[in-house]
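Descriptive analysis of the structure
As a plain string of letters, each chain reads:
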Amino acid sequence: QVQLVESGGGLVQSGGSLRLSCAASGFTFNKRALSWYRQIQGKERELVATIYTTGGAPPTYADSVQGRFTVSRDDAKRLMYLQMDNLQEEDTAVYYCNLPSWAAGTGRDYWGQGTQVTVSV
């Protein structure tokens, strides 16, 4: 079955950097788009970035992270990354790896367990 496991979260000072990883299994990784979402406490989960298949459309980003976050993938290792630079307090959230329903072809979304990112001022 589909499994998505995030890692790399933690506590960082404002202006610092973190790299999140998402390890995927249970589906044909190199043929699927993937996304990162985040959920700030008390708010709805929001789309952060989407990466398409290698050689396909360029990644897309939320306006709030454009120019600071970079999503990438390593198809051989079945990993997706989110490089987060110049982190700000408002980036504090739980970050989730997502296989979208439209990419999975099964009619449902798949989610990891999430990893906490906390940015201190």
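Located above this text is the structure these notes cover.
Residues numbered from 1 in each chain as written. Predicted model: local features only at pLDDT ≥ 70, side-chain atom pairs only at ≥ 80, totals over all residues. Heavy atoms only, no water.

Here we look at the packing of aromatic side chains
The cut-off we apply is this: Think of it this way: a Phe, Tyr or Trp ring, Trp meaning its six-membered ring, pairs with another when their centres are within 6.5 Å, and the plane angle makes it stacked under 30 degrees, edge-to-face over 60, tilted otherwise. Secondary structure elements follow DSSP: runs of H or I no shorter than four residues count as helices, runs of E no shorter than two count as strands, and numbering proceeds from the N terminus. Residue exposure (1.4 Å probe, protein chains only): buried if accessible area is under 20% of the type maximum, exposed if over 50%, otherwise partly exposed. For a lysine, the NZ atom is tested; for an arginine, the CZ atom; a charge sits over a ring if that atom is within 6 Å of the ring centre and within 35 degrees of the ring normal.
This structure, assessed with the given rule, holds 4 aromatic pairs. Residues Tyr52 and Trp102 carry aromatic rings whose centres are separated by 6.2 Å and whose planes lie at 35° to one another, so their mutual orientation is tilted. On the criterion of sequence distance, the pair formed by Tyr52 in the loop between strand E5 (46-51) and strand E6 (60-61) and Trp102 in helix H1 (residues 101-104) is long-range, its members being 50 residues apart. The class for Trp102 is exposed, based on a relative accessible area of 55%. Ring centres 6.3 Å apart and planes at 90° place the aromatic pair Tyr96 and Trp111 in the edge-to-face group. Taken together, the residues span a long stretch of sequence, with Tyr96 in strand E9 (residues 93-99) and Trp111 in strand E10 (residues 110-111) at a distance of 15 residues. Judged by its relative accessible area of 12%, Tyr96 is buried. In textbook terms, an aromatic cluster arises when at least three aromatic residues are bridged by ring pairs, as seen for Tyr37, Tyr96 and Trp111. Cation over ring: Arg45 sits above Trp111, and NZ or CZ is 4.5 Å from the ring centre. A cation over a ring is seen here: Arg78 above Phe27, with NZ or CZ 5.7 Å from the ring centre.

A short note on the environment of Ala33
The condition is simple: When checking whether two residues touch, look at their non-hydrogen atoms; a contact exists if any pair is within 4.5 Å.
Here Ala33 is to be found in the loop between strand E3 (18-25) and strand E4 (34-39). Here Ala33 falls in the buried class, since its relative accessible area comes to 6%. Remark: the alpha-carbon pair of Ala33 and Ser101, spanning 68 residues in sequence, is separated by 10.0 Å. Not counting residues within four places of it along the chain, the set of residues in contact with Ala33 comprises Ile51, Tyr52, Thr53, Arg73, Leu99, Pro100, Trp102 and Ala103.

Observations concerning the environment of Gln83
Where we set the bar: Any pair of nitrogen or oxygen atoms within 3.5 Å is treated as a polar contact; in protein, a donor-acceptor pairing is required on top of that, and neighbouring residues in sequence qualify only through side-chain atoms on both sides.
Within the secondary structure, Gln83 is located in strand E8 (residues 79-84). For the pair Gln83 and Val5, spaced 78 residues apart in sequence, the C-alpha to C-alpha distance is 16 Å. Within the local environment of Gln83, its side chain forms a polar contact with the side chain of Asp85, the two groups lying 2.9 Å apart.

Re the pairing of strand E7 (residues 69-74)
Here is the rule we go by: We treat two strands as partners when DSSP finds at least two bridges between them.
Of the two faces of E7, only the one carrying Phe69, Val71 and Arg73 is buried; Thr70, Ser72 and Asp74 on the other face are not. Where E7 meets E8, 6 bridges bridge the pair, whose relative direction is antiparallel. Note on E8: the bridge partner recorded for Asp74 is Leu79. In this structure, the hairpin formed by E7 and E8 is closed by a connection of 4 residues, where Arg78 is found at a positive phi of approximately 60°.

A few points about the sheet that holds strand E1 (residues 3-7)
Put simply, the rule reads: Here an axis means a line fitted to C-alpha atoms, over the contact stretch when the element is a helix, while the angle between two N-to-C directions is reported on a 0 to 180 degree scale.
Across the sheet, 4 strands lie side by side as E1-E3-E8-E7; this open sheet has antiparallel pairing. Two strands in the sheet have a free side with no partner beyond their single neighbour: E1 and E7. Shown here is a sheet whose adjacent strand axes are inclined to one another by a mean of 15°, direction ignored.

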